[in-house]
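Structural overview for review
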Amino acid sequence: MKARDTRYVCLRIAGEGGEGVISAGELLTRVAARRGNHVQTFKTFPSEVRGGMAVFQIRTGPEQVISQGDYLDVLVAFNREGYDRNIADLETDGVLVFDFEPTEEAPVRRRRGVDYHVPMGELAKEAGARFGKNMVALGAVARLFGFPLEGLREGIRRKFGKKSEAVVTANLRALDLGARYVEEHLEIRHEVRFPEGDGNPRIVLSGNEAIAFGAVTAGCRFYAGYPITPATGVMEWLARVLPLLDGDMVQAEDEIAAICMCLGASFAGKKVMTATSGPGLALMSEALGLAAMAEVGVVVVDVQRAGPSTGMPTKAEQGDLNLAIFGAHSTAPRVVLAPIDIEDAFRQTVNAFNIATKYQIPVILLSEQSLGYCQASMPRPDFGKIDVFEEEYATVPEDGGDWPRVDEITVGEGYPMTPIFPRYIRYDSGVSPRSLPGMPGLEYRATGLEHDEYARPRYDPENRRAMTAKRKAKYESIRREYGGAVEVIGYPDAEVAVSAWGTTASVMRHAVLRKLNEGARIKAIFPKILSPMPDAAMERHLSGVRKVVVCEMNDTGQYAKIVRHRYHKEVQAVLKDRGLPFKPSEIVPQIDAALEEVVRI
Amino acid sequence: MSTETTAPARAGRSAKSLRSDLKPVWCPGCGDYGVIAGLDKALQELGYARHEIVFVSGIGCSSRLPYFFDTYGFHTIHGRAPAVALGVKLANPKLHVIVVGGDGDFFSIGTNHMVHAARRNLDLTAICMDNHVYGLTKGQVSPTSERDFLTGSTPYGSVEEPVNPLVLMIASGATFVAQSYAANVKHLRETIVAAEGHPGFSFINVISPCHTFNREKDFAYYKGRVSVTEEEAKHDRAEAIRVILTHGEGELLGTFYETRRPTYDGSLADLRRRARERHGVPTLEEILESFA
Ligand SMILES: Cc1ncc(C[n+]2csc(CCOP(=O)(O)OP(=O)(O)O)c2C)c(N)n1
Ligand code: SF4
Ligand SMILES: [Mg+2]
């Protein structure tokens, strides 16, 4: 399978931590997006313990870039180790730009492809830019692959302008020396070119930033959290922004405190969020039950990482689906959303707030390490077109009128029918208008105990049944509103379907588009809401399907089991538990195999 | 069913009482009744409107208290009330937030949150109904139980040293620390009024006997063993702790420590103001530019 789309360029920079690999990559990314390119990035920091490699990868193209693709078109190696550790990922005919002396024992050995030696370190010294190796590299890359230097110059001015004029000048000089070196010393022997942008400037943000930004867009004004990789970025962004919007960010003493602080603030009228990773979500289980029982909305972001326990905190896994959907004692309705890519992360966060606010229910947003750290471009959102739900509160009946009538069930022996505010009145939607502390005449006691419609503790069987049903009724209401949150591409009558959730869906989308281009009769089904499952839509799209290929980044097939047991479909589960995201090339053969098998039937 | 009356029915109690008409489920003679009485009197004296009061509690016999007041309340989960209360207070600093709970709730499962609420000097009052036992779970040793205490979980006697809530709270940074007694409603009322008047984290440990599961330490036991301190509240932590620890036999009531420092909610308001003065109040469009 070698259908390489030359309109896309995937470039990786690899070097020593501290050589500016990441900042060069980010600069290139910003500038590419400003020109109107779609970009997606991937980076790994040097491990805390061993020091060593930093890697930044950018993939750019003329259309929405939805995966890192399979191989690199360009590798920029700042040193020998950068070459050794990454060369296997470079296309055999890809371009290598490097800065080290190959030796006899350790030569640069490639059968095909083009190699350019650029003395980045030396040129940086010449430019008087102590940490300028990365800018030399950018200058060289710009010249080699047709990227306008002016954009980079402006980027440097923006980036370093706040530091000092001397820093700007030194970095500009380094950039120019890199470019000039290419002009004067190298003969261009490759075809790879950076795509032209479409002229619509895009914004670039990480998954963590997209979620934080989505939160303030939706009206979040209170955040409490406890630092944990890879979710901390959400907290640090909000720590800067929330106070400016008259909101608060609290670094709690632990995750239990974090969610409890959120519940308190939500009870008192704020839109609230906390973000964590698997270990923190585990700690929040009990409070999530309280949120469901007391009917207090909260958005909980889980930027999943490879577990269990501390696992591999900097690596990717989709391992928390079971915990998110099923990790409650008793019937404690919660909503689980899973964004597919950066733009989706922004939009789903707004949805999460709308659902939490409207349905007074906890909403878990399952993000992932690979999304949290990945930066990608998205169109500038049009705030006028984003629906933000604002709650209407209960009011005291006017002119001595009646309170809304509660159901007979609430009137039991020893429970006099007091005409007080029926905070948990049972409507078909499952939602009861609430009041906020401070509103006169609407006092009530929110509670985690089973209670009646007046919020009074009650343990009798009838009441229990009625109140459990009331809380569960929200699921139907949410299904009605969000039941269509399933992305489907391909042939409606296909017998082979692929399905995935979270970022794996975006990689799969890439593989599916490839297969569709080749004429394969398949379809892809990507649910974005995983609790309550959008059953009607899933069943409709799965009807007539004979085999479903499910790809998932975990060892047990948590989502595959849902598809198998909930929709009674034959599922071919493709599981990857290595701390790394899927590549399209790992998915395509699975689709081929499923197609073959179904034809054979 | 009758839904004629509009104002919440508050028949059968004094016009000014803030009590609800739910009858407490506590054992007759439980110390916590005294706490309700003291609170009701204090709140009336303070003149708080019922809608401005929020009781936040964890789990335990004592944590049931919010139901018995017709104010706002949040009966949460075991130990976490101080964290929930932080959210309530920051969301609406105008509210009078009162955290109530038991010795197990505050100083076993919830110690972490109590320490940090005190350290932050959140402006609220926390009232511990200290019966030196786990009441709701029917009699197990608690972190304030004395050594050798016999309970269902310590049939051969407890081998653990109790924590002193007053000392722990002073050391943690609480800015008002007092002890009172459920049978001395007058002292309790005065202490609550003083604590409410204090800006910052106020902690009151109320000796509140559970004669059901801590039989020895009933009201009769405390009679003649409690005394009100003659000393003024200290402004120095070490001095206050010395007063508490050097007191001999019996239980000392009184306000041991009081000091002023910026409250958490006040400091955050200040931080917001400074941040906005420095960076302005951005629109969403302006925030977007940081990603451009
Ligand atoms: C997470 C959790 N663990 C355990 C319990 C059981 N539990 C309920 S109350 C309580 C202790 C009550 O003691 P205390 O806080 O002193 O309150 P009291 O009943 O004495 O007033 C325990 C262990 C619980 N509700 N939740
Ligand atoms: S068990 Fe003890 S603390 Fe609980 S209600 Fe009875 S007397 Fe009070
Ligand atoms: Mg107790």
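All names here are of chain A. The domain architecture assigned to chain A consists of domain 1 (9-185), domain 2 (204-385) and domain 3 (486-600). Between the C-alpha centres of domain 2 and domain 3 the distance comes to 26 Å. Summing both sides of the interface, domain 2 and domain 3 together bury roughly 2000 Å²; the carbon and sulfur share of this comes to 58%. Together, Q318, L321 and I340 form the three largest contributors to the area buried by domain 2 at its contact with domain 3, with a combined 37%. The interface formed by domain 2 and domain 3 includes two salt bridges. In this structure, the salt-bridge partner of D344 is K528, at a minimum N-O distance of 3.5 Å. Inspection of the domain 2/domain 3 interface yields 15 residue pairs in polar contact (both at pLDDT 80 or more). Every element with two or more residues in the side of domain 2 that touches domain 3 is listed here: helix 12 (321-326), strand 12 (335-337), helix 13 (342-359), strand 13 (362-368) and helix 14 (369-372). Residue composition of the side of domain 2 that touches domain 3, grouped by class: twelve nonpolar, six polar and seven charged.

What follows is about the interface of chain A and chain B. In many analyses, interface size is given as the accessible surface area lost on bringing the parts together. Taken together, the 71 residues of chain A in the interface contact 61 residues of chain B. In total, chain A and chain B occlude about 5600 Å² of area from one another, counting both sides; carbon and sulfur atoms represent 64% of this. If you sort the residues of chain A by the area they bury against chain B, L244, E253 and R445 of chain A come out on top, with a joint share of 13%. The interface formed by chain A and chain B holds six salt bridges in total. The salt bridge partner of D246 of chain A is R276 of chain B, with a shortest N-O separation of 3.2 Å. Summed over the shared surface of chain A and chain B, the result is 26 residue pairs in polar contact (both at pLDDT 80 or more).

The subject of this paragraph is the site of ligand 2. As a structural note, the neighbourhood of ligand 2 is formed by W26, C27, C30, C61, N131, C210, T212 and F213 of chain B. Across the shell around ligand 2, the residue classes tally to six nonpolar, two polar and no charged.

This brings us to the pairing of strand 18 (residues 522-527) of chain A. Residues and elements named next belong to chain A. The buried fraction of strand 18 is high, at six of six residues. Alternating residues of strand 18 divide into I522, A524 and F526 and K523, I525 and P527, and every residue in both groups is buried. With five bridges joining them, strand 16 (residues 486-490) and strand 18 adopt antiparallel strand pairing. Following the sheet pairing, I489 is matched in strand 18 by A524.

Residues and elements named next belong to chain A. Overall, the coordinates contain 59 salt bridges over all chains when judged by the stated rule. Of the charged contacts in the structure, one is a salt bridge between E295 and K470, with a shortest N-O distance of 2.9 Å. With a gap of 175 residues between them, E295 in the loop between helix 11 (285-294) and strand 11 (298-304) and K470 in helix 15 (residues 461-482) connect regions that are remote in the sequence. The partner of R426 in a salt bridge is E453, with the nearest N and O atoms 3.9 Å apart. Highlighted residues: R426 in the loop between strand 14 (375-378) and strand 15 (445-447) and E453 in the loop between strand 15 and helix 15, separated in sequence by 27 residues. For R426, a relative accessible area of 25% translates into the label partly exposed. On the basis of relative accessible area, E453 is assigned to the buried category, the value being 0%. Members of the salt-bridge network, linked through shared partners, are D341, D344, E487, R509 and K528.

With that settled, the discussion passes to the packing of helix 5 (residues 149-160) of chain A against helix 6 (residues 165-185) of chain A. All names here are of chain A. It is at 9 Å that the axes of helix 5 and helix 6 come closest, and there the two elements cross at 155°. In this view, helix 5 runs roughly antiparallel relative to helix 6, as classed from their interaxial angle. Where helix 5 crosses over helix 6, the handedness of that crossing is right-handed. Of helix 6, the residues touching helix 5 (which contributes L149, L152, R153, I156, R157 and F160) are V167, V168, N171, L172, L175, D176 and A179. In the contact of helix 5 with helix 6, the residues fall into nine nonpolar, one polar and three charged.

Attention shifts here to the side chain of D344 of chain A. All names here are of chain A. Residue placement: D344 occurs in helix 13. Residue class for D344 comes out buried when judged on its relative accessible area of 9%. A distance of 3.5 Å separates a polar atom in the side chain of D344 from a polar atom in the side chain of K528. The contact partners of D344, leaving out residues within four places of it in the chain, are A338, P339, T349 and K528.

Cut-off values and rules
- Residues numbered from 1 in each chain as written.
- Chains lettered and ligands numbered in written order.
- Predicted model: local features only at pLDDT ≥ 70, side-chain atom pairs only at ≥ 80, totals over all residues.
- Heavy atoms only, no water.
- Domains from an automatic or database assignment.
- Buried area = accessible area lost by both parts, 1.4 Å probe.
- Salt bridge = Lys/Arg side-chain N within 4 Å of Asp/Glu carboxyl O.
- Polar contact = N/O pair within 3.5 Å; in protein donor to acceptor, adjacent residues only side chain to side chain.
- Helix = DSSP H or I, 4+ residues; strand = E, 2+ residues; numbered from the N terminus.
- Nonpolar A, V, L, I, M, F, W, Y, C, P; charged D, E, K, R; others polar.
- Contact = heavy atoms within 4.5 Å.
- Near = heavy atom within 4 Å.
- Buried < 20%, exposed > 50% of the residue type's maximum accessible area, 1.4 Å probe, protein only.
- Pairing = 2+ DSSP bridges.
- Axes fitted to C-alpha atoms, helices over the stretch in contact; angles between N-to-C directions.
- Parallel < 35°, antiparallel > 145°, perpendicular 65-115°, else oblique.
- Left-handed = near helix turned anticlockwise from the far one by under 90°.

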